[in-house]
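# Tertiary structure, described
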Amino acid sequence: MKVLVTGGAGYIGSHVVKLLGKLGHEILVYDNLSTGNRWAVKYGKLVVGDLADKKLLRSVFEEFKPDAVMHFAAYIVVPESVKKPLKYWRNNVANTLNLLEVMREFGTDLFIFSSSAAVYGIPESVPVDEEAPLKPINPYGETKATVERLLSDLARSGSGFRYVSLRYFNVAGADPEGEIGFAYPNPTHLIIRAVKTAKGEYEKLYIYGTDYPTPDGTCIRDYIHVWDLARAHADALSYLTRGGESEVFNCGYGRGYSVREVVDAVKRITGVDFPVEEAPRREGDPPALVAKAQKIKEVLGWEPRYDSLETIIKSAWDWERKFSQNQRL
Ligand code: UDP
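These notes cover the structure that comes with them. All figures in this text were calculated on a predicted structure; none of them were measured in a lab.

Calculation criteria
- Residues numbered from 1 in each chain as written.
- Predicted model: local features only at pLDDT ≥ 70, side-chain atom pairs only at ≥ 80, totals over all residues.
- Heavy atoms only, no water.
- Helix = DSSP H or I, 4+ residues; strand = E, 2+ residues; numbered from the N terminus.
- Rg over C-alpha atoms; globule rule 2.2 N^0.38 Å.
- Buried < 20%, exposed > 50% of the residue type's maximum accessible area, 1.4 Å probe, protein only.
- Contact = heavy atoms within 4.5 Å.
- Areas by Shrake-Rupley, 256 points an atom, 1.4 Å probe, with all protein chains shown as cover.
- Lys, Arg positive; Asp, Glu negative; His and termini not counted.
- Charge placed at Lys NZ, Arg CZ, Asp CG, Glu CD.
- Axes fitted to C-alpha atoms, helices over the stretch in contact; angles between N-to-C directions.
- Parallel < 35°, antiparallel > 145°, perpendicular 65-115°, else oblique.
- Left-handed = near helix turned anticlockwise from the far one by under 90°.
- Nonpolar A, V, L, I, M, F, W, Y, C, P; charged D, E, K, R; others polar.

## Let's talk about the overall build of the protein chain
When helices and strands are counted, the protein chain shows 10 helices and 14 strands. Since a compact globule built from 329 residues should have a radius of gyration of about 20 Å, the 19 Å found for the protein chain is in line with a globular shape. Overall, the protein chain is about 55 × 45 × 40 Å in size when its C-alpha atoms are taken along their principal axes. A total of 329 residues make up the protein chain; the buried ones form 55% of that total. Put simply, 78% of the contacts in the protein chain that link residues at least 6 apart link residues at least 24 apart. Here the protein chain displays about 13800 Å² of accessible surface, and carbon together with sulfur accounts for 49% of that area. One way to put it: in the protein chain the 42 positive side-chain charges average out to a point 3 Å from where the 43 negative ones average out.

Right under this line is the structure:
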């Protein structure tokens, strides 16, 4: 398959590109390198471009003629989205519209979308399944829910367009072969932040909110290994290629860990007892997000292989140490 991957130089996109390359697909990465890295693109060609640039996008479609598009290029930081909603709506929604319009112009029908558990907001029950209403509580989640609604309209328009929307829970870890991993300055995500603190890059780790209605008062999340998530994309592509109908899937393991549990695990695995400080809640954080993870296994045949918090943290730690030795950033 010829697959156009937007955001393929970023953290999740680069893992998917590597996996698709290994599976023999032909890849073209379209990335503005705002948070991605050229060296992270392990297969195929990289076009440095922005999704706002419809002219360039058209020329890429004209030349590459993709069979399918995987769309990772988006902003992803919840607290930033609260402060800068226009930035998020512009990139995550308006630029996605550009991409979909160009896909329609060139008759590219298959689309895989990086959605998020943030579309659920504060779910009525946890674990949450795909039927739960979309009720985001922050601008980031709003942009993802909006694109999902748009995709659903487009798939019902009789145009032949089909999509899979993958609702990522909390993605962490790195390439098991150690070639790529998280590589973006000033990360905000818990596991990467914690391993960087263990490494001494930050003085201490803040725990944002200890008064949530959870057993230990900190937020609960479902952490998924990035390589298992990459497999979900490859499985979604096979599914659409086989003629599968448009679908939405949770991508998580179906069990949650609190922030405190993650912090304790990072300390244990790294052997570093780094300083931790309790801080007020962060804006936009739901108390608990855990996936009901059956549907993706049943429909796509997805089989997780790294379903262990320990494995995830170990792989993030291994990458972090290797990465800082190479000092690529
Ligand atoms: N968190 C924290 N300290 C940090 C980073 C994150 O306490 O330095 C908490 C955050 O408030 C949330 C959970 O960890 O409750 C997961 O946040 P993350 O940013 O990793 O992912 P999100 O769920 O926001 O996508």
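From this point, the narrative continues.
## Observations concerning the packing of helix 4 (residues 85-106) against helix 5 (residues 139-155)
Any two packed helices are characterised by the angle at which their axes cross and by the distance between the axes. The interhelical angle for the contact between helix 4 and helix 5, taken along N-to-C directions, is 20 degrees, at an axis separation of 9 Å. Comparing their axes, helix 5 and helix 4 come out roughly parallel. Where helix 4 crosses over helix 5, the handedness of that crossing is right-handed. Where helix 4 approaches helix 5, its residues Pro85, Tyr88, Trp89, Asn92, Val93, Thr96, Leu97, Leu100 and Arg104 are matched on the opposing element by Pro139, Tyr140, Glu142, Thr143, Thr146, Val147, Leu150, Leu151 and Leu154. Considered class by class, the residues forming the contact of helix 4 with helix 5 number 12 nonpolar, 4 polar and 2 charged.

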